[in-house]
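This is what each chain is made of:
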Amino acid sequence: MNSRQSIRTGTPSAATTFTTELGSWHLQRFPARKQDPLQAWDAADELIHSWLATQRPQWQAPLLINDSFGALLMACHSELLTPPPVVHSLTDSYVSQRGFQHNSKLNQLNLQLSALNLLQPLQSLPPSIDLVLLKIPKSISLLEFQLATLATTLKPGTPIVAAAKSKLFTPSVRQLFERYCDNVSVSLASKKSRTLEAQLKAVADAEPADFIDAWQLPEYGLEMRHHAGVFARNALDIGARFMLQHMPAAGANRVIDLGCGNGILGIVYAQQSPHSQVTWVDESYLAMASCRTNIDLNLPHSEAYQTRVDDCLSQQPSASADLILCNPPFHQEHAVTEHIARQMFRDAKRVLQPNGELWLVANRHLPYYASLKRLFKQVDQHAQNAKFVIWRARG
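Note that this is a predicted model, so its numbers are computed, not measured.

**Student:** Give me the sheet that holds strand 7 (residues 159–165): which residues, what numbers.
**Tutor:** With mixed pairing, seven strands are arranged side by side in an open sheet as 5-4-3-6-7-9-8. Among the strands making up the open sheet, the edge pair consists of strand 5 (116–119) and strand 8 (181–186). Adjacent strand axes in the sheet meet at a mean angle of 20 degrees, parallel and antiparallel pairs treated alike. Here helix 1 (residues 43–55) sits on the sheet in contact with strand 6 (131–135), strand 7 and strand 9 (193–200), set at roughly 160 degrees to strand 6.

**Student:** Describe unusual backbone geometry, with residues and values.
**Tutor:** Here the amide bond leading from F30 into P31 is cis, since omega sits at -5 degrees, within 30 degrees of zero. Looking at the secondary structure, you find P31 in the loop between strand 2 (23–26) and helix 1. Phi is positive for Q108, which is not a glycine, with a value near 55 degrees. We classify Q108 as partly exposed; its relative accessible area is 36%. Of note in this structure, N183 is not a glycine but carries a positive phi near 55 degrees. Of note, N183 is situated in strand 8.

**Student:** Please give an account of the sheet that holds strand 14 (residues 305–309) that cites residues and values.
**Tutor:** Across the sheet, seven strands lie side by side as 14-13-12-15-18-20-19; this open sheet has mixed pairing. Of all strands in the sheet, those with a lone pairing partner are strand 14 and strand 19 (378–384), marking the two edges. On average, adjacent strands in this sheet sit at an angle of 20 degrees to one another, irrespective of strand direction. Examined bridge by bridge, strand 12 (residues 254–258) and strand 15 (residues 321–326) share four bridges and lie parallel to one another. Note on strand 15: the bridge partner recorded for L258 is C326.

**Student:** Tell me about the nonpolar core, residues and numbers included.
**Tutor:** Across soluble globular proteins, nonpolar side chains have a tendency to be buried as a group. In this structure, I136, L150, F177 and Y180 are the most contacted members of the largest nonpolar core, which totals 38 residues. In terms of residues, this core owes the most to one element, helix 4 (residues 140–153), which gives seven residues. One finds W215, F242, W359 and V361 within the second-largest nonpolar core, a separate group that totals 33 residues.

**Student:** Can you explain helix 9 (residues 339–351)? Please cite residues and give values.
**Tutor:** Across its 13 residues, helix 9 extends 18 Å between first and last C-alpha, which sits within 8% of the 18 Å expected from 1.5 Å per residue. Residues of helix 9 that are buried: H339, I340, A341, Q343, M344, F345, D347, A348 and V351.

**Student:** Account for the pattern of salt bridges, with residues named and values stated.
**Tutor:** Under the counting rule described, the total for this entry stands at ten salt bridges. For the salt bridge of K135 with D42, the shortest nitrogen-to-oxygen distance reads 3.3 Å. Here K135 is found in strand 6, whereas its partner D42 is found in the loop between strand 2 and helix 1, with 93 residues between them in sequence. A relative accessible area of 9% places K135 in the buried class. The shortest N-O distance in the salt bridge between R254 and D322 comes to 3.8 Å. Highlighted residues: R254 in strand 12 and D322 in strand 15, separated in sequence by 68 residues. Overall, R254 belongs to the partly exposed group, its relative accessible area being 27%.

**Student:** Can you tell me about the state of the cysteines, naming the residues and giving the values?
**Tutor:** Applying the stated criterion to the full structure yields zero disulfides. Here C326 stays free of any disulfide, with the sulfur of C312 as its closest cysteine sulfur at 8.2 Å.

**Student:** Can you break down the pairing of strand 7 residue by residue, with the values?
**Tutor:** The buried fraction of strand 7 is high, at five of seven residues. Of the strand pairs in this sheet, strand 6 and strand 7 are connected by four bridges, and their pairing is parallel. Its bridge partner being in strand 7, L134 is matched across the sheet by A162. Taking the sense of rotation as the criterion, the β-α-β connection linking strand 6, helix 4 and strand 7 turns out right-handed. Bridge analysis of strand 7 against strand 9 gives seven bridges, and the strand direction is antiparallel.

Scoring rules and cut-offs
- Residues numbered from 1 in each chain as written.
- Predicted model: local features only at pLDDT ≥ 70, side-chain atom pairs only at ≥ 80, totals over all residues.
- Heavy atoms only, no water.
- Pairing = 2+ DSSP bridges.
- Helix = DSSP H or I, 4+ residues; strand = E, 2+ residues; numbered from the N terminus.
- Axes fitted to C-alpha atoms, helices over the stretch in contact; angles between N-to-C directions.
- Contact = heavy atoms within 4.5 Å.
- Buried < 20%, exposed > 50% of the residue type's maximum accessible area, 1.4 Å probe, protein only.
- Core = buried A, V, L, I, M, F, W, Y, C linked by side-chain atoms within 4.5 Å.
- Expected span 1.5 Å × (residues − 1).
- Salt bridge = Lys/Arg side-chain N within 4 Å of Asp/Glu carboxyl O.
- Disulfide = S-S within 2.5 Å.
- Right-handed = clockwise from strand over helix to strand, strands pointing away.

Dropping the structure here:
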């Protein structure tokens, strides 16, 4: 194995050594954690590597879609393949983009990454793309949006190779690929995953507006819009509804809606406290696009309202907020994990003023109280029902 393929930084372990027919890399999830029980790749990544090793594609501008932490990006820098002049990567996740940067440095790919073009979901795709490698997402609405974008932008006949766990290859997923692609072929299962090969076909009737859902919340006088793949896309999340019934008192000067999704918590607080400065933060580009639309629809224009794409609150100044509202996720795509919520708690502690408060709604079964108690001097249960609890943490 040559030097570029070997693991050259850090101490590799079974959880971080990613080895395929194309090479071996030290690959970590992001943010990197010591003894992380979750891998930064899955069997679907391995199957795409195997396809590349077998087919040896002659590519000039491949597009990687939903590459969570750079497992597919590593393949583009294998010396067993002819390196493409440019690699395009499309993801809805700012954290994934940070993961690309982290793992490229970990594997000393910095120079090659000058040819990496990071794309966001609502950006135009370069027409020069000649191969699509796609990890099928959990959200079928996001998958359809991505396939429609490909079919209306790229040349008919552009090859696409997709992979996911076998359970995601539902009849609905197969029908979506057949709508936007020709010659759809699904492999046999391997490691409980499958690959799909197809060629894009011309589709002229898919418009971006087709993938924006709308619903109303009359009790708050709200009209909401959601892009594909955004959490609680078709109705108000029941955890958020419980939080709205027990909101903190109006009057906080600087407020953050952390992990805001569609922006509902911050919007309702801004309605109730019109003089507050409110910042909405999420790591999803489509969530932030939805949030900005919902702010424009439901609140008067104000310089006091800002939106930020961020990894939790990593870019927010310390001691800069009086109140943080949070409905944290406990999934990261297909993985069930509490580490995102714990990072949110740590960041909230740093960003809050000494007497500031974190208001958190969570499923009752999640063990968040102990994590909060380690960080905050005072943690109170503000409200509860059969499914959810609202914690208030201070100091």
